[in-house]
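Examining the three-dimensional arrangement
Each chain is listed here by its residues.
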Amino acid sequence: MNDINKNFIQRIIDDDNDSGKFNNKVHTRFPPEPNGYLHIGHAKAIYLNYNIAEEYNGKCNLRFDDTNPIAEEDEYVRSIQEDVKWLGFDSEKRVYFASDYFQQMYEYALQLIKNNNAYVCELSPQEIKNTRGTLQKPGTQSPYRDRARDENLDLFNRMKSGEFENGSKTLRGKIDMSHPNMNMRDPVIYRILHANHHRTGDKWCIYPMYDWAHGLEDSIEGITHSLCSLEFEDHRPLYDWYLDKLDVYHPQQIEFARLNLSYTVMSKRKLKLLVENNHVTGWDDPRMPTISGFKRRGYTPKSIRNFMEDVGVAKRDNIMDIAKLESSLRTDLNKRSQRRMAVLNPLKVVITNYPDEKEEFVIAKNNPEDESAGTRKLPFSKVLYIEKDDFMEDPPKKFFRLSPGAEVRFKFAYYITCTDVIKDSKGKIVELHCTYDKDTLGGRSEDKRKVKGTLHWVSANHSVLADIRLYDRLFTALNPDAESNFIDTINTNSLKIVKNCRLEPELKTFESKIPVQFERLGYFFKDADSTAESLVYNRTVALRDTWAKK
RNA sequence: UGGGGCGUCGUCUAAUGGUAGGACACCUGGUUUUGGUCCAGGCAGUUGGGGUUCGAGUCCCUACGCCCCAGCCA
């Protein structure tokens with residue numbers, strides 16, 4: 001690793017290592033709250049934390065920050081672990097829960113009270129709000145602020161034993177009600193919550209607030225560099241205050257800019273709304289920026305990791321162009337995907353000079369980027385389907401697909417010339433009559449005559465049917481968060497289902513785990529909705545198309 | 001009128017007082033049995049104004065702009 005081109009976090013760690021601050025140790029953590037599914041913004045945090053640890057020969061913990069029983073569920077801890085693993089990060093059994101430290105946190109709170117740094121406050125939530133002051137004006141002190149030490153201890157213990165109603169009392173830090181940083185105006189440390197916790201059940205009825213819990217979790221686990229997003233910058237003084245007052249091991253919090261993607265929303269609240277109001281089919285809807293959504297859509301873990309490497313890390317607010325994600329995706333898929341033939345919008349083609357009952361098999365390359373992927377046999381016969389878009393009766397200049405009198409290559413098969421256009425009574429094209437040149441088997445000719453267009457095709461009788469789901473961005477606004485109501489900018493055409501697509505027969509039994517490219521169309525991934533009788537494919541991403549742009 | 005951050009091509013991100021570079025996007029051209037890939041090239045940036053310096057994206061002053069903070073959420 002050279003000194004140049006490091007990001008600001010690596011430089012901080014280098015400085016710490018130079019000064020011996022953490023004895024050259026690096027230990028990070030990824031601390032999700034199990035209250036929703038992971039999205040690609042989390043993937044940045046995961047990537048960062050695991051990679052920093054690996055780079056410096058350290059470790060990274062996966063820690064569930066489950067301090068609020070109201071919002072958290074087991075379903076989410078399961079999905080989060082699954083997603084982290086799918087992304088390619090091994091937590092090596094380093095899986096922890098904030099709730100495992102509840103007893104220890106409680107004892108630390110006792111210590112804080114004993115040192116006269118915390119007190120039990122009986123102000124209601126509304127009263128606390130009213131006395132906090134504003135951004136410009138200082139707050140006023142709670143009447144309970146100067147309670148005797150023993151009374152605080154007694155009251156706090158009774159809070160713990162369940163004697164009081166939700167919201168009736170809190171434990172608060174005794175800091176400074178006129179502090180310019182609102183977080184330092186006697187912050188709540190514990191609140192009373194008679195609620196069932198997904199792991200500790202009914203054992204506790206007081207739960208620690210984030211600021212109290214997070215620093216202690218980091219401290220207990222021996223974290224060195226505690227990476228979090230920018231909005232916690234204002235919380236760092238409090239993180240430091242607690243640890244200093246307790247005089248315990250003190251990790252360094254470092255803030256970085258979270259990832260934003262163009263044409264998408266990233267907040268859990270908004271994603272949840274999309275799910276609950278059925279704007280999408282679920283957390284794993286292929287249009288969602290969730291890890292499970294990308295997975296179902298056909299994204300690869302490697303493409304997401306490469307994207308994160310590309311994105312980098314800094315403290316500027318940013319909106320990454322989603323085209324960059326798609327570029328990482330195509331780079332990976334291009335090298336690895338198996339090519340297959342599929343016709344989305346079939347147009348019947350009859351090869352008039354081809355024997356009626358004949359069928360033959362042409363040799364098709366599975367992946368031109370990788371010879372080891374081998375070849376397969378593709379059935380060819382008299383009646384075929386091609387893409388409707390690949391024929392124009394009256395083509396513009398530079399249209400080098402099929403048109404009356406034009407000769408094109410049917411990939412891996414023959415040169416084909418269109419002789420007749422068959423229409424129905426309304427003038428709609430229903431069928432094409434063509435001839436083939438029998439001396440061009442494999443798609444090449446002895447005379448080296450040049451054929452500009454190469455089309456994909458399937459044999460009608462051999463083909464299998466499928467529904468194909470075409471996805472577009474979920475929002476029409478580049479930054480939906482900036483709109484007064486992001487729901488209003490939902491793209492009503494984000495999903496288009498194309499029925500009765502024709503696939504080459506091998507796709508009937510194709511393994512769903514392998515990424516596949518439908519020649520000339522894009523990358524597709526077999527959806528979980530597929531059954532033995534009916535195939536469903538998701539378009540992961542289209543191929544770059546410089547023709548369509550014009 | 002409080003506090004904390006941040007301003008570099010269209011979008012991300014480097015350059016740590018010494019030639020403003022890379023990626024994506026976009027535009028040319030070449031190769032190609034995918035209008036894909038690949039290859040070659042091009043376009044495009046330091047928020048403004050002062051100052052220090054032989055030399056400033058970088059240091060200082062100042063102005064401006066953007067983001068975050070008033071949950072018993074994280």
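Calculation notes
- Residues numbered from 1 in each chain as written.
- Chains lettered and ligands numbered in written order.
- Predicted model: local features only at pLDDT ≥ 70, side-chain atom pairs only at ≥ 80, totals over all residues.
- Heavy atoms only, no water.
- Near = heavy atom within 4 Å.
- Polar contact = N/O pair within 3.5 Å; in protein donor to acceptor, adjacent residues only side chain to side chain.
- Helix = DSSP H or I, 4+ residues; strand = E, 2+ residues; numbered from the N terminus.
- Nonpolar A, V, L, I, M, F, W, Y, C, P; charged D, E, K, R; others polar.
- Salt bridge = Lys/Arg side-chain N within 4 Å of Asp/Glu carboxyl O.
- Buried < 20%, exposed > 50% of the residue type's maximum accessible area, 1.4 Å probe, protein only.
- Pairing = 2+ DSSP bridges.
- Axes fitted to C-alpha atoms, helices over the stretch in contact; angles between N-to-C directions.
- Parallel < 35°, antiparallel > 145°, perpendicular 65-115°, else oblique.
- Left-handed = near helix turned anticlockwise from the far one by under 90°.
- Contact = heavy atoms within 4.5 Å.
- Domains from an automatic or database assignment.
- Expected span 1.5 Å × (residues − 1).
- Core = buried A, V, L, I, M, F, W, Y, C linked by side-chain atoms within 4.5 Å.
- pLDDT = per-residue confidence, 0-100.

Examining the protein's contact with RNA strand B
- Lining the immediate surroundings of RNA strand B are 70 residues, of which N5, R11, R339, R401 and G442 lie closest.
- Expressed as a percentage, the sugar and phosphate content of the atoms of RNA strand B within 4 Å of the protein is 62%.
- Between a base oxygen of RNA strand B and a main-chain N or O atom of G443, the distance comes to 3.0 Å.
- Take R544: an N or O atom from its side chain is 2.9 Å from a phosphate oxygen of RNA strand B.
- When residues of the surface near RNA strand B are traced back to their parent elements, those giving at least two are α5 (125-131), β6 (188-192), α11 (301-311) and α12 (322-336).
- Counting residues per element, the surface near RNA strand B draws most heavily on α12, at four residues.
- Classifying every residue of the surface near RNA strand B by side-chain character gives 23 nonpolar, 19 polar and 28 charged.

Let's talk about the pattern of salt bridges
- Here the structure, examined in full by the defined rule, presents 40 salt bridges.
- Across the pair D218 and R63 runs a salt bridge, and its minimum N-O distance is 2.7 Å. Here R63 lies in strand β2 (residues 59-64) and D218 lies in helix α7 (residues 210-221), a separation of 155 residues in the sequence. For the residue pair D218 and R63, the accessibility class agrees, reading buried in each case.
- One salt bridge in this structure joins R147 and E151, with 2.8 Å as the shortest N-O distance.
- Judged by its relative accessible area of 37%, E151 is partly exposed.
- A single salt-bridge network, built from bridges that share partners, covers R29, R63, E217, D218 and E221.

Observations concerning the pairing of strand β17 (residues 415-423)
- Pairing between strand β16 (residues 407-410) and β17: three bridges, direction antiparallel. Paired with R409 across the bridge in β17 is Y415.
- Hairpin connection, β17 to strand β18 (residues 429-437): the antiparallel pair is bridged by five residues, and G427 has positive phi, about 90°.

Some details on the packing of helix α4 (residues 102-114) against helix α6 (residues 149-160)
- Look at α4 against α6: their axes get within 9 Å of each other, and the N-to-C directions meet at 160°. It follows from the interaxial angle that α4 and α6 lie roughly antiparallel. Between α4 and α6 lies a crossing of right-handed hand. Judged by residue contacts, Y106, A109, L110, I113 and K114 of α4 engage R149, N152, L153, F156, N157 and K160 from α6.
- Its residues assigned to classes, the contact of α4 with α6 comprises six nonpolar, two polar and three charged.

Re the domain arrangement of chain A
- The domain architecture assigned to chain A consists of domain 1 (3-258), domain 2 (268-337 + 466-549) and domain 3 (342-456).
- Placing the centre of domain 1 and that of domain 3 at their C-alpha centroids yields a distance of 64 Å.

Thoughts on helix α2 (residues 40-55)
- Taking 1.5 Å per residue, 16 residues should reach 22 Å; α2 reaches 22 Å between its end C-alpha atoms and fits that length.
- Within α2, 14 of the 16 residues are buried, which leaves the element mostly enclosed by the surrounding structure.

Digging into the packing of α11 against α12
- Their axes nearest at 8 Å, the elements α11 and α12 cross at an angle of 130°. Relative to α12, the element α11 lies oblique. Read as a crossing pair, α11 and α12 show a hand that is right-handed. Between α11 and α12, the contacting residues are K302, S303, N306, F307 and D310 on the first element and K324, L325, S328, L329 and D332 on the second.
- For the contact of α11 with α12, the residue count by class is three nonpolar, three polar and four charged.

What about the environment of M159?
- Mapped onto the elements of the fold, M159 is located in helix α6.
- With a relative accessible area of 0%, M159 lands in the buried category.
- If we ignore the near neighbours within four places in the chain, the residues touching M159 are V120, F164, K169, T170, L171, Y190, I192, C205 and I206.

Considering the nonpolar core
- One finds I9, I40, V84, I304 and F307 to be the most contacted residues of the largest nonpolar core, which totals 47 residues.
- Going through the elements one at a time, α1 (8-19), α2, β2, α3 (74-86), β9 (252-256), α10 (291-297), α11 and α12 are the ones with two or more residues in this core.
- Broken down by element, the residue count for this core peaks at nine residues, all from α2.
- Three or more residues apiece are contributed to this core by two domains, here domain 1 (3-258) and domain 2 (268-337 + 466-549).
- Within the second largest apolar cluster, 36 residues are counted, among which are A109, L153, W212 and L238.

Concerning the side chain of S328
- Tracing the chain through its elements places S328 in helix α12.
- Judged by its relative accessible area of 6%, S328 falls in the buried class.
- With near-sequence residues (within four places) excluded, S328 lies in contact with S303, N306, F307 and D310.

Side note on the confidence of the model for chain A
- In this model, chain A carries an average pLDDT of 96, and 99% of its residues clear a pLDDT of 70 or more.
- Confidence metrics for the complex model read pTM 0.96 and ipTM 0.96.

Digging into unusual backbone geometry
- You will see that E92, though not glycine, has its phi angle at about 45°, which is positive.
- Among the structural elements, E92 can be located in the loop between α3 and β3 (95-97).
- Although it is not a glycine, F412 sits at a positive phi angle of roughly 70°.

Some points on the sheet that holds β6
- Spatially, β4-β5-β6-β7 is the arrangement adopted by the four strands of the open sheet, whose pairing is antiparallel. The sheet terminates laterally at β4 (118-121) and β7 (206-208), the two strands that pair on one side only. Going from strand to strand, the sheet's axes swing by 20° on average, the running direction of each strand aside.
- Sitting on the sheet, α4 is in contact with β4, β5 (170-173), β6 and β7, with an inclination near 120° to β6.

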